[in-house]
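Below are the chains, spelled out letter by letter.
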Amino acid sequence: MDIVALIERIGEAPTAALFGLITGIVFGVAAQRSNFCLRAATVEFARGKLGPKVSVWLLTFSTAVVWVQGAQMLGLFRAADTRVMSVPGSWSGAIIGGLMFGAGMVMARGCSGRLLVLASTGNLRSVVSGLIFAVVAQMSLKGILAPFRDKLAGLWITGAENVSVLDLLGVPDWSGFAFGLAVAVLALYLSMRNGIGAKILIFASGVGFAVAIGWVLTWQLAQVAFEPVPVTSATFSGPSANTLMFFLDRNAVFEFDVGLVPGVVLGALISSVLAREFSWQAFDSVPVMRRSMIGAVLMGFGAMLAGGCAIGNGVTGGSVFAGTAWLALFCMWIGAIVTDFLLDQRAPAAQTA
């Protein structure tokens with residue numbers, strides 16, 4: 001792709017939005033067809049199983065690492081130039097925000113990325129929860145909750161830049177690629193043990209490929225653009241807030257984020273229609289709706305505090321081995337496991353007693 005020619009034809013900002021759209025479409029199709037979901041994986045793990053949900057999540061995560069680290073080894077991308085690595089990270093934000101997000105995604109029955117995919121298939125529960133998530137994320141980014149978020153994030157920061165897990169361990173650069181391959185082998189073993197078909201495996205790896213597409217395209221654009229271009233990829237905290245404001249502010253400009261979210265919607269919608277899986281769904285009861293709304297609030301604030309959502313930290317940030325992303329991912333697992341135990345696993349016992 002001749003990026004310079006494309007920029008000269010449509011401009012830098014529309015090019016960034018186009019790259020976001022491409023990344024989003026690939027992500028939307030792959031996530032919808034594979035049923036990729038961190039919430040489902042953590043719940044399955046919390047109940048003592050290494051079943052299909054864990055297998056799909058591990059395959060997505062590992063293929064993202066392999067694709068991204070492979071692109072870096074080929075000189076198509078440089079992790080040090082990414083937004084997540086070039087700015088200070090927050091250890092306290094990763095811990096507190098990660099725990100909040102993990103709890104919220106169990107209550108809302110899906111992380112922010114999964115909610116976006118489900119909303120595109122006719123799930124009105126996800127539409128409501130997703131809108132609440134986007135509003136709270138915007139409030140946490142630039143609104144009334146921003147000072148509180150800044151205070152929590154400032155309790156413990158990494159320094160001038162984020163920390164690379166690979167540098168922290170003192171291992172060579174190729175170790176990231178090797179690690180990704182090792183996890184992929186484990187994921188394939190679990191997939192075969194759980195009888196997961198080739199089609200699901202291909203689409204699960206496609207989610208990881210979408211992350212690599214975003215990194216490579218924005219990095220390549222940043223090398224030739226006149227104005228500074230953030231090197232980023234799939235994440236749904238900042239982009240959801242920015243997309244919301246794009247449609248509310250007539251002075252908003254095109255950027256990668258503004259293309260990413262509509263791309264996911266378009267990809268998931270087309271995929272669900274072609275697979276005849278599009279169907280309108282609503283909340284089953286008031287308690288379920290209340291629980292989902294509270295979960296969306298926790299996710300909105302938690303994601304902005306943690307520096308990203310389950311996708312932004314758990315797959316995108318993890319693929320470049322950002323220290324705070326890995327810590328946030330770990331805390332999301334902990335928050336989800338504890339919440340599932342308290343709210344769901346104990347619920348039948350409490351009702352029987």
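Residues numbered from 1 in each chain as written. Predicted model: local features only at pLDDT ≥ 70, side-chain atom pairs only at ≥ 80, totals over all residues. Heavy atoms only, no water.

Trainee: What should I look at first to understand the pattern of salt bridges in this one?
Mentor: A pair can form between side chains of opposite charge whenever their charged atoms are brought close. Summed over all chains, the structure comprises five salt bridges. Note that R291 is salt-bridged to D344, the shortest N-O span being 2.8 Å. Placement of R291 in helix 15 (residues 286–306) and of D344 in helix 17 (residues 323–345) is noted, with a sequence separation of 53 residues between them. Given a relative accessible area of 21%, D344 falls into the partly exposed group. (Salt bridge = Lys/Arg side-chain N within 4 Å of Asp/Glu carboxyl O. Helix = DSSP H or I, 4+ residues; strand = E, 2+ residues; numbered from the N terminus. Buried < 20%, exposed > 50% of the residue type's maximum accessible area, 1.4 Å probe, protein only.)

Trainee: What is the right way to look at a nonpolar patch on the surface in this model?
Mentor: Together, L99, F330, I334, V338, F341, L342 and L343 make up an exposed nonpolar region whose accessible area comes to about 600 Å². At six residues, helix 17 tops the list of elements feeding residues into the nonpolar patch. One can find I334 in helix 17. The exposure class assigned to I334 is partly exposed, which follows from its relative accessible area of 34%. (Patch = residues over 30% accessible without salt bridge, like charges linked within 9 Å, V, L, I, M, F, W, Y side chains within 5 Å. Areas by Shrake-Rupley, 256 points an atom, 1.4 Å probe, with all protein chains shown as cover.)

Trainee: Explain helix 8 (residues 124–142) to me, please; I cannot follow it from the model alone.
Mentor: Since there are 3.6 residues in each turn of an α-helix, residues three or four apart along the chain are aligned in direction. Here helix 8 contains 19 residues, and its C-alpha end-to-end distance of 27 Å stays within 8% of the 27 Å for a straight helix at 1.5 Å per residue. As for helix 8, its buried residues are in contact with helix 6 (91–107), helix 7 (112–119), helix 9 (146–153), helix 13 (238–248) and helix 15. The distance from a side-chain oxygen at the start of helix 8 to the backbone nitrogen of R125 is 3.0 Å, and the residue carrying that oxygen is N123. (Expected span 1.5 Å × (residues − 1). Contact = heavy atoms within 4.5 Å. Polar contact = N/O pair within 3.5 Å; in protein donor to acceptor, adjacent residues only side chain to side chain.)

Trainee: Honestly, the packing of helix 4 (residues 52–73) against helix 16 (residues 310–319) in this entry has me stumped. Any pointers?
Mentor: The axes of two packed helices give the description: the angle between them and the distance between them. Two numbers describe how helix 4 lies on helix 16: the axes approach to 8 Å, and their chain directions differ by 25°. By the angle between their axes, helix 4 is roughly parallel relative to helix 16. The two elements helix 4 and helix 16 cross, and the hand of that crossing is right-handed. Residues W57, T60, F61, A64, V65, V68 and Q69 of helix 4 lie in contact with helix 16, whose contacting residues are G314, V315, G318 and S319. A class-by-class count of the residues in the contact of helix 4 with helix 16 yields six nonpolar, five polar and no charged. (Axes fitted to C-alpha atoms, helices over the stretch in contact; angles between N-to-C directions. Parallel < 35°, antiparallel > 145°, perpendicular 65-115°, else oblique. Left-handed = near helix turned anticlockwise from the far one by under 90°. Nonpolar A, V, L, I, M, F, W, Y, C, P; charged D, E, K, R; others polar.)

Trainee: Where do I start with the environment of S292 in this structure?
Mentor: Its location among the elements puts S292 in helix 15. Through-space distance from the C-alpha of S292 to that of V163 is 34 Å; in sequence the pair is 129 residues apart. Excluding anything up to four places from it in sequence, S292 contacts M107, A108, S129 and F283.

Trainee: Help me understand the side chain of R149 in this model?
Mentor: In this fold, R149 is placed in helix 9. There is a polar contact of 3.3 Å between the side chain of R149 and the side chain of D150. Those residues in contact with R149 that sit more than four places away from it in its chain are S140, L141, F301, M304 and L305.

Trainee: Would you take a moment to explain the environment of K199 for this structure?
Mentor: If you trace the backbone, K199 turns up in helix 12 (residues 198–224). Relative accessible area serves as the criterion here: at 54%, K199 is assigned to the exposed category. The spacing of K199 and L166 is 33 residues in sequence and 33 Å in space, taken between C-alpha atoms.

Trainee: I would appreciate a short explanation of the packing of aromatic side chains in the present structure.
Mentor: Each aromatic ring pair is described using two quantities: the centre-to-centre distance and the angle formed by the ring planes. Taken as a whole and judged by the stated rule, the model has 15 aromatic pairs. Ring geometry for F77 versus W215: centroids 5.6 Å apart, planes at 35°, classification tilted. Linking F77 in the loop between helix 4 and helix 5 (83–86) with W215 in helix 12, this pair joins segments that are 138 residues apart in sequence. A single burial state applies to F77 and to W215, both of which are buried. Centroid distance F321 to W326: 5.4 Å. Interplanar angle 15°. Geometry classified as stacked. Connected via pairs of aromatic rings, a cluster forms that spans F45, W57, F61, F179, F321, W326 and W333. (Phe/Tyr/Trp six-rings, centres within 6.5 Å; stacked < 30°, edge-to-face > 60°.)

Trainee: Sorry if this is basic, but what is going on with the side chain of S55 here?
Mentor: Inspection of the secondary structure assignment puts S55 in helix 4. One polar contact links the side chain of S55 to the main-chain carbonyl oxygen of G51, over a distance of 2.8 Å. Once residues within four sequence positions are removed from consideration, S55 is found in contact with L50, A187, L190, S191, N194 and I196.

None of this, on its own, says anything about what the molecule does.
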